Structures are given as structure tokens and as C-alpha cells.
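Residue strings, one per chain:
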Amino acid sequence: MFNIMLVCSAGMSTSLLVNKMKDYAALQGIEVNIWANAEAEAKSVWEKADIILLGPQVKYLESKMKEMVQNKIPVAVIDMMSYGTMNGKKVLEDALAKLG
């Protein structure tokens, strides 16, 4: 089971993406726990994640998040096209590829 945390600013569109990722995972029989947090909340729950995905709108947080996790887990920015089209399949596949 992989734990994937998405970080965004407000959470509306990211919550939709989380649901699309969960739907695709269920269809494929992939066991994942996926959730979204705002930046402020991420600081207190990041240790529950195996990877942190940042929405393109908060790409500026990438170095700050990497510093926070101290290379313990991957931090990546979600591809803008995949995010814009709410392509849960692609975002999940990209995350799983980064996890090995």
C-alpha cells in the first residue's frame, strides 16, 4: 500500500483529482491511500506519506517541501497538462513510477 499526499492551495480541484486517482487505482486493483492537504496541514502529516505531489499552482513550494522532508520521501510537481485535464490515471502512474 502506497500513501500519496497531494498539496495544493485551496483544495477544490485537487480533491477532484484525488477522486479520479482513487477511481483508477480501484479499477486496476492498486492499493493506495490518497489525500489532499493545504500547505499548512502538510507540515504536520507528511510523515504518513510515501510521496508528496504538488499541484502546479504551488510549484513554488517544491524546494520548501523537499527541505521539510529531508530526502526521506520524494516530492514532485504534478504535470500541468495531467492536472488541468484531471487525468488521475497519468498522475497515479507517474507517482508510482517515482516510488519504484
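As recorded by an unreviewed UniProt entry, the protein carries the name PTS sugar transporter subunit IIB and is attributed to Neobacillus piezotolerans.

Draft legend 1. Up close: the overall build of the protein. Per the secondary structure count, the protein includes five helices and four strands. When its helices and strands are written in sequence order, the protein yields β-α-β-α-β-α-β-α-α. Here the protein has a C-alpha radius of gyration of 12 Å; the compact-globule value for 100 residues is 13 Å, and the two agree. Across its three principal directions, the C-alpha atoms of the protein cover 35 × 25 × 20 Å. Across the 100 residues that make up the protein, the buried fraction comes to 44%. Accessible surface for the protein amounts to roughly 5,600 Å². Of this, 51% is attributable to carbon and sulfur atoms. In the protein, 11 positive and 11 negative side-chain charges are present, and the distance between their average locations comes to 2 Å.

Draft legend 2. Representation of the UniProt feature "modified residue: Phosphocysteine" (unreviewed entry) in the protein. The UniProt feature table records "modified residue: Phosphocysteine" (unreviewed entry) at Cys8. On the secondary structure map, Cys8 appears in strand S1 (residues 2-8). Under the relative-accessibility criterion, Cys8 is labelled buried at 3%. Contacts of Cys8, omitting those with residues within four sequence positions, involve Thr14, Asn37, Ala38, Glu39, Gln57 and Val58.

What counts and what doesn't
- Residues numbered from 1 in each chain as written.
- Predicted model: local features only at pLDDT ≥ 70, side-chain atom pairs only at ≥ 80, totals over all residues.
- Heavy atoms only, no water.
- Helix = DSSP H or I, 4+ residues; strand = E, 2+ residues; numbered from the N terminus.
- Rg over C-alpha atoms; globule rule 2.2 N^0.38 Å.
- Buried < 20%, exposed > 50% of the residue type's maximum accessible area, 1.4 Å probe, protein only.
- Areas by Shrake-Rupley, 256 points an atom, 1.4 Å probe, with all protein chains shown as cover.
- Lys, Arg positive; Asp, Glu negative; His and termini not counted.
- Charge placed at Lys NZ, Arg CZ, Asp CG, Glu CD.
- UniProt positions renumbered as here; feature names shortened; annotations may be inferred.
- Contact = heavy atoms within 4.5 Å.

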